[in-house]
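# Summary of structural features
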Amino acid sequence: MSHQLPDVQAGEPDVTVGLSQVGVTGVEKLVELERENDRPFVLMAEFSVFVDLPGGRKGIDMSRNMKVIEEVLESAVDGETDRLEALCGDAAERLLAKHEYTSTAKVQMEAEWMIKEETPASGLPTQGTVDVVASAKATEDAIQEEIGCRVTGITVCPCSQGMSASRARETLDDLGVDRETAEAFLDKVPQPGHSQRGHATLTVSQESEPDVDLMELVDLARDSMSARIYNMAKRPDEDHMTYAAHANAKFVEDCVRSMARGVVDAYPNLDDEAIVYMKQENDESIHQHDAQAEREVSMARLRTEVTAEN
């Protein structure tokens, strides 16, 4: 006769407080992202999966429900998908159906995406990486899906550059260069400023699938900083990136605002209720601290603010 093991997790906890999310992180799966008329991208994705827990239940049956989570994710990633956020939405919906005691299920996915491109001056083929982020939150009423990216670039500090320009202006004056010539020179040759590696995050979320293109979001995020960077660079490419960055100096605040304008310009028909999340983080070069700015806002509000600026 088999011995019936007690279901401890189904019991009542000592402290009957509900938990907003309980689950597992670091679940790795291969995901195939469809491409039109080409082979799919194969991503090594890492999933985090959560459900909420009512106050009257001790646990979510972590070990037993891991089997359910595996089944849900395997079913969701089986075959190819053209939208990563829809994959997360499908997994969240299935997870909600599998847990009779929960009212919310959340699935988060991150993956490194290799992109092929050319260096900016020499035109040589190279590859780079961007981080793809997708998630979904399912309730009995709706599914909220999110898609976006984290990318790396370079920024140059306008304040530092302004001080260098002031010093150069004084030096040119001491050398007898007339003001008009000096200003023409400074206009053509951006002065040095301390630079830093920047990290831009841009995501869009809404009920049902956000009507945005992942690669377009990657481009918007990369172009929001002072300049793009590339994995391989010959001397002409290094010169191009350095000049481009110093000709387009930006604070972290400027980068977030550039993303905001880019999203509004790129998506005039995006749903007003869509939520846009923008974040810029800079690894400071001459300080022991780093800099950060961010904004989370509805598309309707963002359009109003950008239009008012214009």
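Residues numbered from 1 in each chain as written. Predicted model: local features only at pLDDT ≥ 70, side-chain atom pairs only at ≥ 80, totals over all residues. Heavy atoms only, no water.

### Quick look at the overall build of the protein
What the protein contains, in helices and strands, is 8 helices and 10 strands. The C-alpha radius of gyration of the protein comes to 25 Å, more than 25% above the 19 Å expected for a compact globule of 310 residues. Its C-alpha atoms give the protein principal-axis dimensions of roughly 100 × 45 × 40 Å. Carbon and sulfur atoms provide 46% of the accessible area of the protein, an area that totals close to 17,400 Å². If the 30 positive side-chain charges of the protein are averaged to one point and the 61 negative ones to another, these points end up 3 Å apart. (Helix = DSSP H or I, 4+ residues; strand = E, 2+ residues; numbered from the N terminus. Rg over C-alpha atoms; globule rule 2.2 N^0.38 Å. Areas by Shrake-Rupley, 256 points an atom, 1.4 Å probe, with all protein chains shown as cover. Lys, Arg positive; Asp, Glu negative; His and termini not counted. Charge placed at Lys NZ, Arg CZ, Asp CG, Glu CD.)

### Some words on the nonpolar core
Here is a general trend for soluble globular proteins: nonpolar side chains tend to be buried in one another's company. Among the nonpolar cores identified, the biggest contains 68 residues, and Phe47, Leu84, Met109, Leu202, Leu217, Met278 and Leu302 are the most heavily contacted of them. Other than its neighbours up to four places away in sequence, Met278 contacts Thr201, Leu202, Val256, Met259, Ala260, Ala293, Glu294, Arg295, Val297 and Leu302. (Core = buried A, V, L, I, M, F, W, Y, C linked by side-chain atoms within 4.5 Å. Buried < 20%, exposed > 50% of the residue type's maximum accessible area, 1.4 Å probe, protein only. Contact = heavy atoms within 4.5 Å.)

### Observations concerning the layout of surface pockets
In this model, the largest pocket occupies a volume close to 550 Å³. Together, 27 residues line the largest pocket, and Gln108, Val133, Ala134, Ser135 and Glu146 are the ones closest to its centre. At the level of secondary structure, the elements contributing two or more residues to the lining of the largest pocket comprise strand 2 (38-53), strand 4 (104-118), strand 5 (125-139), strand 6 (143-156), strand 7 (195-207) and strand 9 (275-283). When grouped by side-chain class, the residues that make up the lining of the largest pocket number 11 nonpolar, 7 polar and 9 charged. Within this model, the second largest pocket holds a volume of roughly 410 Å³. (1 Å grid on protein atoms, 1.4 Å probe; cavity = no way out; pocket = protein on both sides within 12 Å on 5 of 7 lines; lining within 4 Å. Points joined across faces, edges and corners; volume = space filled by probe spheres on them. Nonpolar A, V, L, I, M, F, W, Y, C, P; charged D, E, K, R; others polar.)

### A word on the packing of aromatic side chains
The description of two aromatic rings rests on the distance between their centres and on the angle between their planes. The final tally for this structure, using the stated rule, is 1 aromatic pair. Note on Phe41 and Trp113: the rings are 5.0 Å apart at their centroids and 80° apart in plane angle, and the pair reads as edge-to-face. Here Phe41 is found in strand 2, whereas its partner Trp113 is found in strand 4, with 72 residues between them in sequence. Above the ring of Tyr101, the side-chain terminus of Arg57 is found at 4.1 Å from the ring centroid. (Phe/Tyr/Trp six-rings, centres within 6.5 Å; stacked < 30°, edge-to-face > 60°. Lys NZ or Arg CZ within 6 Å of the ring centre and 35° of its normal.)

### Describing the pattern of salt bridges
Under the definition given, this model contains 13 salt bridges. Taking the shortest distance from any N to any O, the salt bridge between Arg169 and Glu183 comes out at 2.6 Å. Here the residue Arg169 occupies a position in helix 3 (residues 158-174), and Glu183 occupies one in helix 4 (residues 179-188), the gap between them amounting to 14 residues. Residues Glu281 and Lys279 are paired through a salt bridge, measuring 3.7 Å at the closest nitrogen-oxygen approach. A relative accessible area of 26% means that Glu281 is categorised as partly exposed. With a relative accessible area of 17%, Lys279 lands in the buried category. Among the charged side chains, a network of salt bridges with common partners joins Arg83, Glu85 and Glu209. (Salt bridge = Lys/Arg side-chain N within 4 Å of Asp/Glu carboxyl O.)

### Notes on the pairing of strand 4
Pairing of strand 2 with strand 4 involves 7 bridges; the strand directions are antiparallel. Each bridged residue has a counterpart across the sheet, and for Ala45 the counterpart in strand 4 is Ala111. Bridge count for strand 4 against strand 5 is 15 bridges, and the pairing is antiparallel. Bridge assignment links Met114 to a residue of strand 5, and that residue is Thr129. (Pairing = 2+ DSSP bridges.)

### Section: unusual backbone geometry
Located in the positive-phi region is Ser208, a residue other than glycine, with phi close to 70°. Ser208 gets classed as partly exposed once you look at its relative accessible area, which sits at 46%.

### Here's the deal with the pairing of strand 2
Two elements, strand 1 (residues 19-35) and strand 2, share 12 bridges in a ladder whose sense is antiparallel. Residue pairing for strand 2: Leu19 is matched across the bridge by Leu53.

### Structural notes on the environment of Ala91
Looking at the secondary structure, you find Ala91 in helix 2 (residues 84-98). When the C-alpha positions of Ala91 and Pro236 are compared, they lie 47 Å apart, and in sequence the two are 145 residues distant. Those residues within four positions of Ala91 in sequence are excluded, and the remaining contacts are Val72, Leu73, Ala76 and Val107.

### A few points about helix 2
An α-helix turns once per 3.6 residues; consequently, residues spaced three or four apart project the same way. For helix 2, spanning 15 residues, the distance from its first C-alpha to its last is 21 Å, which sits close to the expected 21 Å at 1.5 Å a residue. Taken together, the buried positions of helix 2 are Leu84, Glu85, Leu87, Cys88, Gly89, Ala91, Ala92, Leu95 and Leu96. (Expected span 1.5 Å × (residues − 1).)

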